[in-house]
Amino acid sequence: MMELQIREMTPQERHYCYSQSAQIEAQTGCIGHLRADMDSNGKGFFSSWTDHRDDLKTQSFKDEFDEVLNALRFESDYGGILKDRNSLSRYCYSHPEASFGNDREWGFRADTPDYTYMLRLNPHKGEYNLYCYCFQRVWLEQHMKCAEKGIRFITPDYRERFKIADGEQIRITGQDGTKRDCVCRYIDDYHLEVGSNLYHICELAERLEQAGNTVIPLRADLPEKCFVYVESTNEIGIVTKGEKGYIPLGQKPEGVSVREGAALLNETQGVTKAQAEAMKAGSLFGWDTPAADPKNYDGAGKPLRPKHRERGEAR
């Protein structure tokens, strides 16, 4: 019997259910991907295959992939996920944690001892219902483990400015004020992709400096907007991620203090106290400062103290 384990994708794994650059596909051992739709009646299975690493498409892989697809389509042990569009839809909606936050993308990871299959499902008629990206499991896991360290941004003399998680965005602002937001991907500890371009981290720092450009992180764990209490003017301000300063709300709350009103507005928007404090710090001191990262605050929005060094550690 084939060993096949299926679970919901983690947010990090969702990056790997789309086509990647040649660099990432090489490092992750991405063999190729299959896409399929289930016809207008929801009972077909019309598929096509695209190679990414033809050298890895061995007969052993092809035999196993056929077995995996047949198991997902016809065997009750695996929920009949791909039996038809109704079955696929039921499986998606019964796993809300697998949703990408919209009604067209659910992600599941299927593992065998040697291979990983990243399944992106869409239950809608008239669209592709399945994308399945196939990987050498060990290669993928090694790359993802390294990518957890994040992407470093440095000065030309190698001083670290900030880090972002793999797949997060940066904003590059030119001398003329034009702004460009780019997704960044981890390649290795010294290389990254900015959009479709590959850079050494020092090369990127030098190019930015020579062009007179500035760069800030647009952290995924920060909201697009939040409310802050402005003590100097006793008013509520609206802060936008990546922007300096604030815009006055123009009204004061009734029945509570202005500070409490800002906190209540954030609560209704699902903004945590840590996020609000990080947003306020970013708007005041710059988005590349540690204070603009919500990971540096506790649940009450208080700054976390650096861990004390162990006795005897060099200072």
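Just so we're clear, the structure is a prediction, and the values are computed from it rather than from any experiment.

It is not clear to me how the sheet that holds strand β16 (residues 247–248) should be interpreted in this structure. Could you clarify?
Two modes of strand pairing occur in sheets, parallel and antiparallel, and in both the strands are linked by backbone hydrogen bonds. One open sheet accounts for 3 strands, arranged β14-β15-β16; its pairing is antiparallel. The open sheet has two free edges, formed respectively by β14 (225–230) and β16, since each of these has just one partner strand. Bridging between strand β15 (residues 235–240) and β16 involves 2 bridges; their strand directions are antiparallel. Residue pairing across strands places Gly 237 opposite Pro 248, the latter belonging to β16. Against the sheet, helix α6 (residues 258–268) contacts β14 and β15, and its axis sits at roughly 170° relative to β14.

Explain helix α2 (residues 59–74) to me, please; I cannot follow it from the model alone.
Compared with the 22 Å implied by 1.5 Å per residue over 16 residues, the 22 Å span of α2 between its first and last C-alpha is a close match. Of the residues making up α2, those classed as buried are Phe 61, Glu 64, Phe 65, Val 68, Leu 69, Ala 71 and Leu 72. Mapping the buried residues of α2 onto a view down its axis gives an arc of 160°, with all of them on the same face. Residues of α2 that are buried in the fold lie against β1 (5–8), β2 (30–37), β3 (46–51), β5 (115–121) and β6 (130–136).

Where do I start with the pattern of salt bridges in this structure?
When their charged atoms lie close together, side chains carrying opposite charge are able to pair. A full pass over the atoms with the stated rule returns 22 salt bridges. Across the pair Asp 111 and Arg 109 runs a salt bridge whose closest N-O atoms are separated by 2.9 Å. On the basis of relative accessibility, which here comes to 8%, the residue Asp 111 falls in the buried class. In this structure Arg 109 comes out as buried when scored by relative accessible area, which is 4%.

Thresholds, definitions, all that
- Residues numbered from 1 in each chain as written.
- Predicted model: local features only at pLDDT ≥ 70, side-chain atom pairs only at ≥ 80, totals over all residues.
- Heavy atoms only, no water.
- Pairing = 2+ DSSP bridges.
- Helix = DSSP H or I, 4+ residues; strand = E, 2+ residues; numbered from the N terminus.
- Contact = heavy atoms within 4.5 Å.
- Axes fitted to C-alpha atoms, helices over the stretch in contact; angles between N-to-C directions.
- Expected span 1.5 Å × (residues − 1).
- Buried < 20%, exposed > 50% of the residue type's maximum accessible area, 1.4 Å probe, protein only.
- Arc of directions from axis to C-beta.
- Salt bridge = Lys/Arg side-chain N within 4 Å of Asp/Glu carboxyl O.

None of this, on its own, says anything about what the molecule does.
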